Amino acid sequence: QKEVEQNSGPLSVPEGAIASLNCTYSDRVSQSFFWYRQYSGKSPELIMSIYSNGDKEDGRFTAQLNKASQYVSLLIRDSQPSDSATYLCAGGGRDQGGKLIFGQGTELSVKP
Amino acid sequence: EAGVAQSPRYKIIEKRQSVAFWCNPISGHATLYWYQQILGQGPKLLIQFQNNGVVDDSQLPKDRFSAERLKGVDSTLKIQPAKLEDSAVYLCASSLSVAGANVLTFGAGSRLTVL
């Protein structure tokens, strides 16, 4: 099993819909998780971090962490064409001194 | 606050040639990372520094890749000799501390094409 795994997509949603992005992780990854957004040809930028079980909301974004099932998700409400990008899930390794382990990314396309 | 600076932004070389990338982290960030991102994949850590010491270089291909951070500030990543499969974007990132999982801030990246 990969340490952090995502569906590569592409995921296509209509404008205004909810986009749901999912990520699973292995025992080697700690309980700290991050969602980064990466536009084509650009570097990753942090959207949200989540450390505790449950939901964390920030504007149109909600991150959800379920430690028992070892998955983390990102919901984007009222999706906009400007949200079209690749979303990277990353987890902090248990014994890794702060480094982040990234999934392969999910490409999201929001159609007007 | 100035971001993470990287250069060059683009580099095209032939296989077996050498190349070097430079990174200057955010001021005050003790931890510096070099990630390799191949097209269509997520970033993969090559090496992590805490000040000028190496924390993790387990995935650095040491027969051809080297990195240094001599004064605990800026860093250089070198590839010699390059192979076709080294074509990727090399991302430098920095963070404030090592304990726990850190918030990483990335530079714009250096895109390498090996012909």
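Each remark here, short or long, concerns the structure printed above.
Residues numbered from 1 in each chain as written. Chains lettered and ligands numbered in written order. Predicted model: local features only at pLDDT ≥ 70, side-chain atom pairs only at ≥ 80, totals over all residues. Heavy atoms only, no water.

## Comments concerning the overall build of chain B
- If you tally the helices and strands in chain B, you get 0 helices and 11 strands.
- Since a compact globule built from 115 residues should have a radius of gyration of about 13 Å, the 13 Å found for chain B is in line with a globular shape.
- Dimensions of chain B along its principal axes, counting C-alpha atoms only, are 40 × 25 × 25 Å.
- Counting all 115 residues of chain B, 46% fall into the buried class.
- Residue pairs at least 24 apart in sequence account for 54% of intrachain contacts in chain B once pairs closer than 6 positions are excluded.
- Carbon together with sulfur atoms contributes 51% to the accessible area of chain B, which is approximately 5,600 Å² in total.
- If you average the places of the 12 positive and of the 9 negative side-chain charges in chain B, the two averages end up 5 Å apart. (Helix = DSSP H or I, 4+ residues; strand = E, 2+ residues; numbered from the N terminus. Rg over C-alpha atoms; globule rule 2.2 N^0.38 Å. Buried < 20%, exposed > 50% of the residue type's maximum accessible area, 1.4 Å probe, protein only. Contact = heavy atoms within 4.5 Å. Areas by Shrake-Rupley, 256 points an atom, 1.4 Å probe, with all protein chains shown as cover. Lys, Arg positive; Asp, Glu negative; His and termini not counted. Charge placed at Lys NZ, Arg CZ, Asp CG, Glu CD.)

## Concerning the overall build of chain A
- When you go through chain A residue by residue, the secondary structure sums to 0 helices and 11 strands.
- Since a compact globule built from 112 residues should have a radius of gyration of about 13 Å, the 13 Å found for chain A is in line with a globular shape.
- By its C-alpha atoms, chain A is 45 × 30 × 20 Å across when sized along the principal axes.
- Looking at the 112 residues of chain A, the share that counts as buried comes to 47%.
- Across chain A, the fraction of contacts at a sequence separation of at least 24, relative to all contacts at a separation of at least 6, is 54%.
- Carbon and sulfur atoms make up 44% of the accessible area of chain A, which amounts to about 5,200 Å² in all.

## Describing the sheet that holds strand 7 (residues 65–68) of chain B
All names here are of chain B.
- Across the sheet, 4 strands lie side by side as 1-3-8-7; this open sheet has antiparallel pairing. Sheet topology places strand 1 (5–7) and strand 7 at the edges, where each strand pairs with a single neighbour. Pairs of neighbouring strands in the sheet enclose a mean axial angle of 15°, with direction left out of account.
- Note that strand 3 (residues 19–24) and strand 8 (residues 75–79) share 5 bridges and pair antiparallel. Counterpart to A20 in the pairing with strand 8 is K78. (Pairing = 2+ DSSP bridges. Axes fitted to C-alpha atoms, helices over the stretch in contact; angles between N-to-C directions.)

## Concerning the pattern of salt bridges
Residues and elements named next belong to chain A.
- Counted according to the given criterion, the structure contains 7 salt bridges over all chains.
- With a closest N to O distance of 3.2 Å, E3 and R28 form a salt bridge. Here the residue E3 occupies a position in the segment before strand 1 (4–6), and R28 occupies one in the loop between strand 3 (19–25) and strand 4 (29–38), the gap between them amounting to 25 residues.
- Given a relative accessible area of 53%, R28 falls into the exposed group.
- Note that D83 and R60 form a salt bridge whose closest N and O atoms lie 2.9 Å from each other. You can see D83 sitting in the loop between strand 8 (71–76) and strand 9 (85–93) and its partner R60 sitting in the loop between strand 6 (54–58) and strand 7 (61–66), a full 23 residues away along the chain.
- For D83, a relative accessible area of 1% puts it in the buried group. (Salt bridge = Lys/Arg side-chain N within 4 Å of Asp/Glu carboxyl O.)

## Quick look at the interface of chain A and chain B
- Taken residue by residue, the interface counts 19 residues in chain A and 21 residues in chain B.
- The largest contributions to the chain A side of the interface with chain B come from G98(A), K99(A) and F102(A), which together make up 29% of the buried area.
- Here chain A is connected to chain B by 1 salt bridge.
- The partner of D56(B) in a salt bridge is K99(A), and the shortest N-O contact between them spans 3.0 Å.
- Sorting the residues of the side of chain A that touches chain B by element identifies strand 4, strand 9 and strand 10 (100–102) of chain A as the ones contributing at least two each.
- Of all the elements, strand 4 of chain A adds the most residues to the side of chain A that touches chain B, at 4 residues.
- In the side of chain A that touches chain B, the residues fall into 8 nonpolar, 10 polar and 1 charged. (Buried area = accessible area lost by both parts, 1.4 Å probe. Nonpolar A, V, L, I, M, F, W, Y, C, P; charged D, E, K, R; others polar.)

## Some points on the side chain of S43(A)
- If you trace the backbone, S43(A) turns up in the loop between strand 4 and strand 5 (45–50).
- Residues within four places of S43(A) in sequence aside, it is in contact with R37(A), Q38(A), L91(B), F106(B), G107(B) and A108(B).

## Observations regarding the sheet that holds strand 6 of chain A
Residue and element names in this part refer to chain A.
- In space, the 5 strands of this open sheet follow the order 1-3-8-7-6, with antiparallel pairing throughout. Strand pairing shows two members of the sheet lacking a second neighbour, strand 1 and strand 6, which therefore form its edges. Across this sheet, the average inter-strand angle for adjacent strands is 20°, counted without regard to direction.
- Bridge count between strand 6 and strand 7: 5 bridges; the pairing is antiparallel. From the neighbouring strand, D58 faces strand 7, where its bridge partner is F61.

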